[in-house]
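Remarks on the overall topology
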Amino acid sequence: MTRFDKKAMALGVAMAAASFPLLAQQEKGMMQLEEMVVTAQKREQNLQDVPVSVAVVTGKELISTNTLDFEGMADRIPSLGITNVANITAISIRGIGTTDNGGFEQSVGLFIDGIHQPKDRLYRATSFLDVANVQVLRGPQGTLFGKNTTGGALMLTSNRPTSEFEAGVTGSYIFDDGEGGHNGGYTTEGFVSGGLGDTFSARLALRQVEDHGYFTNVLNTGSEDVDDKEQQAGRLSLMWQPSDTLSALLKFEKGRSRIDGEPNRTVNYRTAFSPGLGGLTPQALVAIAGASPVVEGKYLQSWNTGKDDTDTNAATLTVEWDVSDFTLMSISGYTDFDYDQHRDADWTAADLLSQDDTQDFEAYSQEFRLVSPLGEKVEYVAGIYYQSSSDHSIEQRNYNVSLIGLPPAVSSRAFSSDNESVSVYANFDFHLADAWTLSLGGNYSDESKDAERMLTIAGNATVAAIVAGDYAHDMSGDRSVDKFNSSAKLQYDLSDDFMLYTSVSQSFKSGGFDEQGVNGDEPGEYPANAGPAQFEFDDEEVVSAEIGGKGMFLDGRLMANWAAFYVEVTDRQFSRFVPLTGFIVGNSGETSYQGMEFESQFLITENLQWDLSLAYLTGDIDEPIVAGTLQLETKGPIDSIPQWGATNHVGYQYPVGDLRITADMYNIFEDNLDYTGIALSRDSSLRTNLRLGLGDQAGVWEAALLVDNVTDEEVFIAAQVNAVFTDSAAGPMTAGEAWMRPPRTYTLQFRYNWD
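What comes next is a walk through the structure.

**Notes on the overall build of the protein chain**
Along the backbone of the protein chain there are 6 helices and 49 strands. Taken over C-alpha atoms, the radius of gyration comes to 26 Å for the protein chain, in line with the 27 Å a tight globule of 755 residues would show. Taking the principal axes of the C-alpha coordinates as reference, the protein chain spans close to 85 × 55 × 55 Å. Out of the 755 residues belonging to the protein chain, those deemed buried represent 57%. Sequence separation of at least 24 residues holds for 70% of the intrachain contacts in the protein chain that already meet a minimum separation of 6. Per element, the accessible surface of the protein chain, about 29100 Å² overall, is 56% carbon and sulfur. With 50 positive and 109 negative side-chain charges, the protein chain shows a separation of 4 Å between the mean positions of the two kinds.

**A closer look at a negative patch on the surface**
On the surface, a cluster of negative charge is made up of D176, D177, E224, D225 and D260. Position of D225 among the secondary structure elements: in strand β17 (residues 222-226).

**Comments concerning the environment of T310**
On the secondary structure map, T310 appears in strand β22 (residues 307-323). For T310, a relative accessible area of 1% puts it in the buried group. In sequence terms T310 and S257 are 53 residues apart; their C-alpha atoms lie 5.1 Å from each other. In this structure T310 touches R121, G255, R256, S257, R258, D338 and Y339, once residues within four positions along its chain are discounted.

**Looking at the environment of S172**
Residue position: S172 is located in strand β13 (residues 166-176). For the pair S172 and A704, spaced 532 residues apart in sequence, the C-alpha separation works out to 9.3 Å. When residues no more than four places from it in sequence are discounted, the contact partners of S172 are N66, G185, Y186, T187, T747, L748 and Q749. At a separation of 3.2 Å, a polar atom in the side chain of S172 contacts the side chain of N66.

**Some points on the nonpolar core**
Residues L353, Y399, V467, Y675, V724 and F725 are the most contacted members of the largest nonpolar core, which totals 41 residues. It is helix α6 (residues 461-468) that contributes the most residues to this core, 4 residues altogether. Filtering out sequence-adjacent residues up to four positions away, V724 remains in contact with F273, S274, P275, L277, A345, D346, L352, L353 and V467.

**Overview of helix α5 (residues 282-289)**
Looking at α5, one finds that the buried residues are P282, L285 and V286. Along the long axis of α5, the arc covered by the buried residues comes to 90°, so they all point the same way.

**Section: the packing of aromatic side chains**
Scanning the model with the defined rule gives 21 aromatic pairs in all. With a centroid separation of 5.2 Å and an interplanar angle of 85°, the aromatic rings of Y173 and F175 are classed as edge-to-face. On the basis of relative accessibility, which here comes to 35%, the residue F175 falls in the partly exposed class. With centroids separated by 5.6 Å and ring planes inclined at 25°, the aromatic side chains of F337 and F361 adopt a geometry described as stacked. In this pair, F337 sits in strand β23 (residues 326-344) while F361 sits in strand β24 (residues 353-371), placing the two residues 24 residues apart along the sequence. Ring pairing ties together the aromatic residues Y269, W303, W347 and F725, which thus form one cluster.

**Brief notes about the pattern of salt bridges**
Pairs can form between side chains of opposite charge whenever their charged atoms are close. Counting across every chain of the model gives 41 salt bridges. In this structure, the salt-bridge partner of E367 is R369, at a minimum N-O distance of 3.3 Å. For the pair formed by E367 and R369, the shared burial category is buried. Linking R741 and E670 is a salt bridge whose minimum nitrogen-to-oxygen distance equals 2.8 Å. Here R741, found in the loop between β48 (736-740) and β49 (745-754), pairs with E670, found in strand β42 (residues 659-670); they are 71 residues apart in sequence, far enough to count as distant.

**Quick look at the sheet that holds strand β12 (residues 152-158)**
Reading across the sheet, the 5 strands line up as β5-β11-β12-β9-β10 and stay open at both edges, with mixed pairing between neighbours. A strand with exactly one partner marks an edge of an open sheet, and here the two such strands are β5 (53-58) and β10 (115-116). Bridging between β5 and strand β11 (residues 131-138) involves 6 bridges; their strand directions are antiparallel. Pairing of V57 across the sheet is with V134, part of β11.

**Some thoughts on a nonpolar patch on the surface**
Residues F165, V169, V192, L204, L206, L236, L238, F252 and W754 make up a contiguous nonpolar surface patch of roughly 750 Å² in combined accessible area. For the nonpolar patch, the secondary structure elements donating two or more residues are β15 (200-211) and β18 (228-243). Accessibility expressed as a relative area gives 47% for L206, which makes it partly exposed.

**Side note on α6**
Of the positions making up α6, those classed as buried are V463, A464, A465, V467 and A468. For α6, the secondary structure elements touched by its buried residues are β24, β25 (378-399), β27 (436-459) and β35 (582-587). Just beyond α6, the residue with positive phi is G469, at close to 75°.

Thresholds applied
Residues numbered from 1 in each chain as written. Predicted model: local features only at pLDDT ≥ 70, side-chain atom pairs only at ≥ 80, totals over all residues. Heavy atoms only, no water. Helix = DSSP H or I, 4+ residues; strand = E, 2+ residues; numbered from the N terminus. Rg over C-alpha atoms; globule rule 2.2 N^0.38 Å. Buried < 20%, exposed > 50% of the residue type's maximum accessible area, 1.4 Å probe, protein only. Contact = heavy atoms within 4.5 Å. Areas by Shrake-Rupley, 256 points an atom, 1.4 Å probe, with all protein chains shown as cover. Lys, Arg positive; Asp, Glu negative; His and termini not counted. Charge placed at Lys NZ, Arg CZ, Asp CG, Glu CD. Patch = residues over 30% accessible without salt bridge, like charges linked within 9 Å, V, L, I, M, F, W, Y side chains within 5 Å. Salt bridge = Lys/Arg side-chain N within 4 Å of Asp/Glu carboxyl O. Polar contact = N/O pair within 3.5 Å; in protein donor to acceptor, adjacent residues only side chain to side chain. Core = buried A, V, L, I, M, F, W, Y, C linked by side-chain atoms within 4.5 Å. Arc of directions from axis to C-beta. Phe/Tyr/Trp six-rings, centres within 6.5 Å; stacked < 30°, edge-to-face > 60°. Pairing = 2+ DSSP bridges.

This is the structure in structure tokens:
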């Protein structure tokens, strides 16, 4: 069992709120925390009145901390895990997430302005462009948000057009700190909003990112920046409001992302070797090829830099009509992306094994929603939701084994899938007495999918099988399923400022078809130790029980929320890479998770605020993953999740005439864990971020200096075994690559607003 060490407690008692303390004044002059409005139950409510574990990060907080994507936001919420690795963004809440397989649905549903985003690449370039807030709903959300929310949901809300003119610009400059530090870069973002007449208004937001990353690729020909990003994003929003009871919001959004290389390094490559290629080592390979030598170290690489190009488009139409205190809503959405990726798969400068991926995806959704008025004995939200999607991908592996005297090969795997689903949902709040509220909800979903996967091999098929487990095959299938999920919540208000709640909820993650598999199900299409491949996998089901409390104390200066939960997962979906076999996909038995969360905001004085967020999580494997003769895990505690997490913020502001000085300290503690799929572990870490700002009292302008990871901690995010050089002197499955968090980074920031 890991321990939350004293150093983490001392330095890491902090954050979850903002860089600008949330100050508000009552008419009598008493200072209070600002009320936070959320839509966790598909209607606007005070955060403290909602019997759901919810964390909120505002757009101002994201800008002030120079947070541009979801991975950076995860620092603020310990129970939320987000990592950009290989070709996916993996998101988890309370330990429940999705692994690296494009055929899997997300375990944490992402909703941007009410539109479900089925794939992570849909928000690569446009993540936090002109955002009002991001809400993190923890625990299954299957009743109101439907399938694929077994871990929870992320709800991103963009800023809407305003009738009055306003505009703003933000710029940040990252200093080049040399080898082993950040390579420098800049970000510019701006918006303009205002009325176009009595009933029309518009808002335009644009962003340009040039970030040269924080890794250096060391080659004989010279050094080059790695994780070098060039991203552009734009959004045009048009609002029509012909009356007080009718409005229509039309939004167009486009993103472009170009990334050269990944922020990862090799581990144990100095003694790595390939069991499948007669003990070949990386050093011997680069010597044979006459390539640059293997370099292994902090924020260093020495292989062929890849690329990751993504283009996205989105359109949303939201119509709201108030009829006799009821609200009717129509939310229509279209989104698509295409991406092209090249990766070095042997992680040396010798081009032995590489991979090229392409994918095209599009989705359409339509929701109709009815929201009853508040203040009634019975309140409800009900609706119907439809979504269809189409996905086509190709993965090509290039085996340039002529370098070591073997005939070369090229394997190409094509995957296509078409999905369609419809659901009907309703949630009723029964106010049984002045202090008691019972909420009952249900969601009926019907879904159909069909898919095909075909893998062909040109050249030496034996090499493809030995190196990566590729076998030529052609598989197809279709499936349909209908599910009913329900939830029940009981809330008791001890006073106007303090409530307790308990809840039980269900959710499911859709089954489907394995995109990444390289084996078939006919004799000769799979290795003997793995058995026939399983193309189709079943739904994953989750049941969660939770108790919690929310309170405001000290006349609104202290907010304290907590939750304790138990989650049981059945038919857990898994995707595991096995050397010489490839990815194995299927459903295992049961796993369970239990833990607690605590969040507080304390306005100590008018100018000093302290915010704290803590998370504790444990899990157990009740039925391990077994595929053929391979047992891929053992029964017992889950060591691949961090047991403790803490984020802390202390913010102080000091008025000097018409100016204001702000000082903020953030501490982020991450516990140790063992990785799955590779015999490596991560040590616990404590990072500290600082911010010092100077601006005017009215908030029109501000300049600030940010120093992230002040003590320059080297922190692993994720790790995976190499497909070729799997073993090392440290043991089997110990040679691989690890993705890293950024080193110490200095950023200069400026913002200016007009209104």
